[in-house]
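Each chain is listed here by its residues.
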Amino acid sequence: MDLYDLVHGGGDAGRRTEGAPRPPATTAEELTAGLNPEQRKAVLHESGPLLILAGAGSGKTRAITHRIAYLVRVRGVPASAILAITFTNKAADEMRTRVDALVGPVSGYMWVGTFHAMMMRILRRHIDRLGFDRSFTVVDTDDQHRTVRACIADLGLDEKQFQVRSVHAAISRAKNDLQGVEEFEALAGGDWRQQKIAAVYREYQARLRRSGTLDFDDILLYAVELFERFPDVLSTYQDRFRHVLVDEYQDTNRVQYLIVRMLSAKHGNLCVVGDDDQSIYAFRGATVRNILDFEKDFPSCAVIKLEQNYRSTRAILDAANHVIAHNRGRKAKKLWTDVGEGEKVVLMLPADQEAEAFGVADRIQELTHRAGAARQEYREIAILYRLNALSRNFEEALNNARIPYRIYGGTRFYDRREVKDCIAYLNLIANGNADVAFERIVNVPRRGIGDATLSALVQAAGSRGLSRLDACACASEEPTLSRAAGRLGAFRGLILRFRERLAGNAAGLSDFIESVQNESGQIQELVDQNDEEGRDRLENLKELLSSAVLYERAVEEKRAALERGLPEGLHADDRDPPPADLAGMLLGFLEQVALYSDTDAMDETKDFVRLMTVHSAKGLEFRTVFLVGAEEGLFPGFRAIDSEDELEEERRLMYVAITRAKETLYVSAAKSRLMYGQTRGAMPSRFVREIPEEMLEVVEPGARRRSLLFERSGPAPWRDPDRVRYERSPGTAYGAPSGAGGGSGAGFGRPAAPMPGPGVRAFAPSKPAAPPPVAAKVPGALGADEIEKGARVLHARFGPGTVKQKEPVAGDAILVIEFDGAGTKRLMARQANLLRET
DNA sequence: GAACACCTGGTTTTT
DNA sequence: CCAGGTGTTC
C-alpha cells in the first residue's frame, strides 16, 4: 500500500478525501512506495526539463502529485514556488486536493489552476502597465460574438459573407498563434477577404480595449505582452516559480507554450505531462507539435514514458491500441495492462437511433440489476457521443426506463438568459465602460429605450469619446436623444447608485447582488410574468445568489487560513490575498463566473448515469462506457473525412473514448439515423472497423433474432463498405423526444447546479436551491415562511392588505396581496419587506 | 415595441 | 428537425 492509499484509506479511484490526515511524508522512499519504476523516476527527477509521456490511465496524476510532494517535503522547495497548470478547473481542484493530502495545508500556497486562471491573477496585478484599468472584466463567448457582429456591421460588411462565427474563429486562431493585428494584416497581403477580417480584428480589439474588457484569448496574449515588455515583471515570476508543471501538455497552443517557456527560462525546471495520442483540441489552436518537439525545444530534457495502464481490461486496451496504431506521426508507445483480459468489446448494431437508445437503456437496466459484484451503480456508467445533439435521443429512453441520468455540457448555468442579464448588470457596475453589458441590459426589463434611442446613443457616445453609460448623462444636449433623456438618465442613475454602494462597501456580496436583482426590476418582471417559466427563472436568479454565498464563504475561509500565520519557509510576499472589499469580491466573483464551466461542478457521488461528449469525458473513467453513434459521417464527422489531419484527430478522439472504460465497453452504430429531420443510412465507423473482428462481440438490440448476415462466414458485412447499402427510408419523423427543456437538463428535470467557489470543495445543493442567508433590509420585516395565506400585512408604500395567495419559489415566495387602498399586487416576499399589521 | 412568420445553417469546447 | 436571427405587421 502506498502513501496515497494510506492517506485515503485505500481504494483505487483516489477521489475520496475523507480519512484521518496523516503526518506528511518526509522521505523519498515513503513517497514513492507503491509506484512503478517509471513513475518513481518521474517523481525523483532532480532538475531541468522533464517530459512525461503518459498513456491513458497510466497514473500520471499520481506521478505529478507525488512529484510535487517530493519537491516540497523532501527537497524543501517552498510551496509558493510551485506553479501547476491544468486544463480544467476540475482537474486543478483534484490536483490540489490530492497534493494537500500529501503535504498538508501549505498546499494552499501553491498556484494550481488553468492557464487562464493563473494569468488572470498576474494580470489583475500588473495590467495597468499595458494601459488597462485593473478593474477590467472578461467577456464571454456570447459577448465576443456580439462584438464581432457589431464590428462587421460597422465596417459595412455583409454578414452573409463574413459570418460571425467564422470571423471570430479566425481572430481567435490568430491570437492563439500570437499574431497581433499588424502581423495579421501583413499576412493578409492582397487577399481581400483576409484584409477585411484584419479590419474586423483591428476594430474588435479596439472595442474591447475601449471598454476595458478582455476575451479569453487576450488573457493569455496580454500575459505574454506583459512579460515581453516588462522583464522586471517576468523576472518576479520566474524567481518565484522555481518549478513549473503542466498537465495535458498535448492540448496547449502556441501562446501557452510561450508562457510556459518564458516562466521557466531562468531555472529550466519545467515538467510537462501529456499524451500525443490524446490531443483532441487542434480545432482550438492546440498543437501536438508542442509535445512532439519538446525534446528539440529543451535539448537537455529527460523523457519518461508511462505505459502501464491501471484502468482498463486488456480487451479494451487492445481495441484502443489497434485503433490508434493507424495514426502516423505519433510517438511510439504501447500501453499494457495486467488487470486481466476482461470481456470482449460489444458492438451494438441497432436499426436506428431509437433502437439504439432503447437498447442502451435496456443494457443499463440489466447491468444495474445484476446480483453480487457484477451489479453496477448508475454512477459507474457513462454514455458518450461525438455531438451534443445526440443526447436528446437518450432522454426519452432513459426516462421511460426510469433510469436517473444527467446530461453534461450544453447550456451552462451562467448562460441562462436571466442569469446572464444579472451578470451583465454586475459587469456594468464593476466596469462602467463595459459597453456590451450596457447594451444587453439597458432595456431589460423594458424601460422604453429601443433600437432607435440606442443607436442615437451609440452615435453620441462615439462622437464624444464616452462610454455608453456616461453618454446617457449628455442625452439632453443631443437633439436625437432629448426625448429619451429622462429614461437614459434614470438608468445611469440606477447604475451609479449601485456603484456608490459598491464603493462604500455597503453590504456582503450576495446581499449586494440581491439588491441589484430587486432594484433593477429583474425580479419584479419575472414575478409579473406569472407562469412556469417565470418561476424557473426566479429560481435561477436565486441560485445565482447561492453561488455568490459559496464564493463569500470560500473567500472567508481563505482569509481565515492566511490569518493562521505563515508556514515555515514561506514569505509574507507569497500570500495571495483574497479580495478585501466588496468591489474586489465582485471582480473575483465575475471572474469565476467567466472562467468556470458546468462540468467543473460534476458531482462524483450522485447516483446517475452520465451523458456527455467524448471531449468532456477526457480525463474521466467509468466502469462501463456506451460509445454511441459510432458511424461514418458522425464519428468521424463528415467534415473530417477528406482531411488526413482531421481524421487523425478524430481517431485520437475515438482512442480517448475507448480508454475511458474500465471494465465494459459498448460501441454502437445505428444502421440508419434521423438527423436534421432526415433519415440517413449509416455504416459503422471506420475506427470500429480498425478493431479486429475477433475482438468484438456483435449484438443487434431490438432484432427478433440474429440477422442471417452475421451467421455467414467471410467478412462480416458491416465491415465491408460495399455490402452496406445506404437505405433511404421515408422521412418518417419520430416525435421529438419529450425533452424537459433544452440544453443541460438532469434526469427527472433538475437543472444543473451552479459552480462552487474557487477552492471550495463543497458543491452547491442540486435540489431546489436553499435560500441564501441574506439579511432582510428592513429590521423586523417578515420572511417568506412567516407569511401565510389570509395574513394581514403592512407594506411601506401600498399600506395594509390581505395575502390572497402564496406561491413558494426557491425558498422565497411570490405573494398576491389585495391592498386595502392600492389594488392587488404580486410581490416577492423577501423584497416586499412586509410588516405584520398591528 | 411586441408578436409572429420566414429563413438559414448546423462539430467538438475550455477558458 | 430546431434554434436563433431577421423581417413584417399591427
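Provided above is the structure to which this section pertains.
Residues numbered from 1 in each chain as written. Chains lettered and ligands numbered in written order. Predicted model: local features only at pLDDT ≥ 70, side-chain atom pairs only at ≥ 80, totals over all residues. Heavy atoms only, no water.

Remarks on the overall build of chain A
Reasoning step 1: Tallying secondary structure elements over chain A gives 31 helices and 22 strands in all.
Reasoning step 2: A total of 838 residues make up chain A; the buried ones form 57% of that total.
Reasoning step 3: Partitioning the contacts of chain A with sequence separation of at least 6, the portion at a separation of at least 24 is 74%.
Reasoning step 4: Taken as a whole, chain A presents about 35,200 Å² of accessible surface, with 50% of it coming from carbon and sulfur. (Helix = DSSP H or I, 4+ residues; strand = E, 2+ residues; numbered from the N terminus. Buried < 20%, exposed > 50% of the residue type's maximum accessible area, 1.4 Å probe, protein only. Contact = heavy atoms within 4.5 Å. Areas by Shrake-Rupley, 256 points an atom, 1.4 Å probe, with all protein chains shown as cover.)

Topic: the protein's contact with DNA strand B
Reasoning step 1: Near DNA strand B there are 28 residues, and of these His-116, Arg-284, Arg-386, Arg-446 and Thr-613 occur at the shortest range.
Reasoning step 2: Within 4 Å of the protein, the contacting atoms of DNA strand B are drawn from sugar and phosphate to the extent of 54%.
Reasoning step 3: Contact between DNA strand B and His-116: a sugar or linking oxygen at 3.3 Å from a side-chain N or O atom of the residue.
Reasoning step 4: One of the side-chain N or O atoms of Arg-386 is found 2.4 Å from a base oxygen in DNA strand B.
Reasoning step 5: Only helix H28 (614–617) and helix H29 (644–658) provide two or more residues apiece to the surface near DNA strand B.
Reasoning step 6: Looking at side-chain class alone, the surface near DNA strand B contains eight nonpolar, 14 polar and six charged residues. (Near = heavy atom within 4 Å. Polar contact = N/O pair within 3.5 Å; in protein donor to acceptor, adjacent residues only side chain to side chain. Nonpolar A, V, L, I, M, F, W, Y, C, P; charged D, E, K, R; others polar.)

Thoughts on the side chain of Thr-32
Reasoning step 1: Along the polypeptide, Thr-32 turns up in helix H2 (residues 28–32).
Reasoning step 2: Residue classification places Thr-32 among the buried positions, given a relative accessible area of 6%.
Reasoning step 3: Those residues in contact with Thr-32 that sit more than four places away from it in its chain are Arg-40, Val-43 and Leu-44.

Notes on a negative patch on the surface
Reasoning step 1: The grouping of Asp-642, Glu-644, Asp-645 and Glu-646 at the surface amounts to a negative patch.
Reasoning step 2: Relative to the helices and strands, Asp-645 resides in helix H29. (Patch = residues over 30% accessible without salt bridge, like charges linked within 9 Å, V, L, I, M, F, W, Y side chains within 5 Å. Salt bridge = Lys/Arg side-chain N within 4 Å of Asp/Glu carboxyl O. Lys, Arg positive; Asp, Glu negative; His and termini not counted. Charge placed at Lys NZ, Arg CZ, Asp CG, Glu CD.)

Quick notes on helix H5 (residues 89–103)
Reasoning step 1: Compared with an ideal rise of 1.5 Å per residue, which puts 15 residues at 21 Å, H5 spans 21 Å between its outermost C-alpha atoms and is within 8% of the ideal.
Reasoning step 2: Burial runs high along H5: 12 of the 15 residues are buried.
Reasoning step 3: Among the residues making up H5, those that are buried are Asn-89, Lys-90, Ala-92, Asp-93, Met-95, Arg-96, Thr-97, Arg-98, Val-99, Ala-101, Leu-102 and Val-103.
Reasoning step 4: Just beyond H5, the residue with positive phi is Gly-104, at close to 85°. (Expected span 1.5 Å × (residues − 1).)

Read these as layout, nothing more, since geometry by itself doesn't imply function.
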